[in-house]
Amino acid sequence: MTVVMLMLVVLLKSVESMKLMKFINPSFDHCLTSGHVQRTITDVSRLTCSSACLVDEQCQGFCFLPPDRTCLITHTDQTTVLQALQETAGAVTYFIELKEGFVRKNGNGYRLMQSSVNHGTGRQACWNLGTNMSLPKNEKESQYIREIGKGVTVWALADDDPHEGTWKNTDTDEVLTYVNWMPSEPNGGTGENCVIEATANIKSWIDVSCASSYWYICQYLLY
């Protein structure tokens, strides 16, 4: 194996480990009992197993068996499963960690913050929780925001300051590849550099002054 290939393998393993860090891992060499297994997937990696759990809205955790690359997924709550784990050589059991007050939508945790604040204050409040202000990257995530927002108007983590008309992620400065403007928006010019989402509407984005006050949604990746 060349040095480059070896480095690539190490990098991939590191990425896989990082993606699993936010799972609670209570037990090595223990696995789910058959009565708590709702789905079995064979010949997969641990990363694929974790991804399968995250896209299953009912998944509470999973057990991965390295010797035969088997993935066991449970819909049973963590407390119940922990009481029934059985000793299984080489097995590793994980449970999804969900922050207090957050709800799960696919691979993300969301929480509607019912406090009217300006854009910067809401952004900081989400940081304080170890999360970010919400910003959908596609229509599916926009649907989640509408479900969480329940018709209220909330901030989005987007702005076009200092380059008017170039809308970007406020935290990363990455130019947005997905937008969801209402008809005739954005229309505020240099006086309206931030974005709100009117969650009662499918096309929901409106540009407003960053000093305005709205509720907001905090969001974080579960893995």
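Refer to the structure printed above.
Here goes a summary of the coordinates provided.

Cut-off values and rules
- Residues numbered from 1 in each chain as written.
- Predicted model: local features only at pLDDT ≥ 70, side-chain atom pairs only at ≥ 80, totals over all residues.
- Heavy atoms only, no water.
- Helix = DSSP H or I, 4+ residues; strand = E, 2+ residues; numbered from the N terminus.
- Buried < 20%, exposed > 50% of the residue type's maximum accessible area, 1.4 Å probe, protein only.
- Contact = heavy atoms within 4.5 Å.
- Areas by Shrake-Rupley, 256 points an atom, 1.4 Å probe, with all protein chains shown as cover.
- Polar contact = N/O pair within 3.5 Å; in protein donor to acceptor, adjacent residues only side chain to side chain.
- Disulfide = S-S within 2.5 Å.
- Salt bridge = Lys/Arg side-chain N within 4 Å of Asp/Glu carboxyl O.

A word on the overall build of the chain. A count of helices and strands for the chain gives five helices and 13 strands. Within the chain, the proportion of its 223 residues that are buried is 42%. For the chain, the share of sequence-separated contacts (at least 6 apart) that also reach a separation of at least 24 residues comes to 70%. Split by element, the accessible area of the chain, about 11500 Å² in all, is 54% carbon and sulfur.

The next subject is the environment of Gln86. With respect to the secondary-structure elements, Gln86 resides in strand S5 (residues 86-96). By relative accessible area, which is 37% here, Gln86 ends up partly exposed. In the structure, Gln86 is positioned 54 residues away from Leu32 in sequence and 6.3 Å away in space, judged by C-alpha atoms.

In this structure, Glu141 sits in helix H5 (residues 139-149). Polar contacts involving the side chain of Glu141 include one to the main-chain amide nitrogen of Lys137, which spans 3.1 Å. Not counting chain neighbours up to four residues away, the residues in contact with Glu141 comprise Asn108, Tyr110, Leu135, Pro136 and Gln219.

As a further point, take the state of the cysteines. Evaluation of the coordinates by the stated rule reveals five disulfides. The partner cysteine of Cys49 in its disulfide is Cys71, sulfur to sulfur 2.0 Å. Of note, the bridge from Cys49 to Cys71 carries an S-S torsion of about 75° and is right-handed in sense. In this pair, Cys49 sits in helix H2 (residues 46-55) while Cys71 sits in strand S4 (residues 70-74), placing the two residues 22 residues apart along the sequence.

It is worth spelling out the pattern of salt bridges at this point. Pairing is possible between side chains of opposite charge, provided their charged atoms come close. On inspection of all chains with the given rule, the structure shows seven salt bridges. Of the charged contacts in the structure, one is a salt bridge between Glu141 and Lys137, with a shortest N-O distance of 3.2 Å. Assessed through its relative accessible area of 52%, Lys137 is described here as exposed. Residue Arg146 pairs with Glu139 through a salt bridge whose shortest N-O separation is 2.8 Å. Bridged by salt links that share partners, the residues Asp159, Lys168 and Asp173 form one connected network.

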